[in-house]
Amino acid sequence: AQSVTQLGSHVSVSEGALVLLRCNYSSSVPPYLFWYVQYPNQGLQLLLKYTSAATLVKGINGFEAEFKKSETSFHLTKPSAHMSDAAEYFCAVTEGGNTPLVFGKGTRLSVIA
Amino acid sequence: DTAVSQTPKYLVTQMGNDKSIKCEQNLGHDTMYWYKQDSKKFLKIMFSYNNKELIINETVPNRFSPKSPDKAHLNLHINSLELGDSAVYFCASSTQDSGTQYFGPGTRLLVL
C-alpha cells in the first residue's frame, strides 16, 4: 500500500522568503509523485510531477521538487514566496497507469507581507 | 475550454433527498475518478472507471452509485443523503499511460 506524509499542516513564510513544503512517501513499487495546489474554493491544479525521469522536477509558478529515493522524499520548494502562493498544497503518490492518487493531508501555506 | 467540468458547483439539499453530480472531460482520457474531500480537506478516492467499466470501488456506502454513459462522462448519484455526505466532490481524469490526473472544479455539497 502507498501512503504520503506531509510534515506541517500549516507553514507560514514572509513574502520573498524560501518556501519549503515537506512530503515523504511510502511505496512498494517505483512511485509517481505529484504536487497539487488548491486555492480557496477552487479545484486542484497540478504543480508538477515526477515519473521516473529527472529527479529534480520544475513546475509552474516557480516551484520545483526533488525526488530523493534514499530519503523517500519529494519536498516542494520555491526560492521566493509571493502573496499569490497562499493556498493549500497536496502531495500525492500513485503507481502510475490508472491507479488512483493517494494524498497527503495537505499543508496550508500562508505568506506574510 | 474547460478540460474537466462538473455540475452543479454548489448543491444544498435536505437530508433524505436524492441528488446527482455530473462530470465531463474533453481531454480524450480513458479513465475517470471521483474523489471526496472532507471538512478537514482530506482527499480520498471513491470510484474509478476505465473505458466505462468500474475498476475501483472503495468502501463507499451503496447509497453512492456512479455511472459512466461514455468515456467522457462520469456521474455520481447519491440516494438518501445524510449529514455526513456534506463534502466537496471532485471528478478527475487521466490516460492510462501518463497517470497524471486532471481535476474538475469540485461540487460543494451541503446536506441540511
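Located above this text is the structure these notes cover.
Residues numbered from 1 in each chain as written. Chains lettered and ligands numbered in written order. Predicted model: local features only at pLDDT ≥ 70, side-chain atom pairs only at ≥ 80, totals over all residues. Heavy atoms only, no water.

A.B. asks: So what about the side chain of Gln37 of chain B? Which residues, and what values?
C.D. replies: With respect to the helices and strands, Gln37 of chain B occurs in strand E4 (residues 31-37). At 2.9 Å, the side chain of Gln37 of chain B forms a polar contact with the side chain of Gln38 of chain A. (Helix = DSSP H or I, 4+ residues; strand = E, 2+ residues; numbered from the N terminus. Polar contact = N/O pair within 3.5 Å; in protein donor to acceptor, adjacent residues only side chain to side chain.)

A.B. asks: Now, about the pairing of strand E11 (residues 107-111) of chain B: what can you tell me, with residues and values included?
C.D. replies: All names here are of chain B. Among the five residues in E11, four count as buried, and that is most of the element. Note: strand E2 (residues 10-13) against E11, four bridges, orientation parallel. Bridge assignment links Leu11 to a residue of E11, and that residue is Leu109. Two strands pair when backbone bridges link them, and strand E9 (residues 87-94) and E11 are joined in this way by three bridges, in the antiparallel orientation. When the bridges of E11 are listed, Val88 appears paired with Arg108. (Buried < 20%, exposed > 50% of the residue type's maximum accessible area, 1.4 Å probe, protein only. Pairing = 2+ DSSP bridges.)

A.B. asks: Outline the nonpolar core, supporting the account with residue identities and numerical values.
C.D. replies: One finds Trp35, Leu48, Phe74, Leu76 and Tyr89 of chain A to be the most contacted residues of the largest nonpolar core, which totals 27 residues. The set of elements that each furnish at least two residues to this core consists of strand E2 (10-14), strand E3 (19-21), strand E5 (32-38), strand E6 (44-50), strand E8 (64-68), strand E9 (73-78), strand E10 (87-94) and strand E12 (107-112) of chain A. Looking at this core element by element, the count peaks at four residues for E10 of chain A. Listed in part, the 19 residues of the second largest apolar core include Trp34, Tyr49, Leu74 and Ala87 of chain B. (Core = buried A, V, L, I, M, F, W, Y, C linked by side-chain atoms within 4.5 Å.)

In short, shape yes, function no, at least from these values alone.
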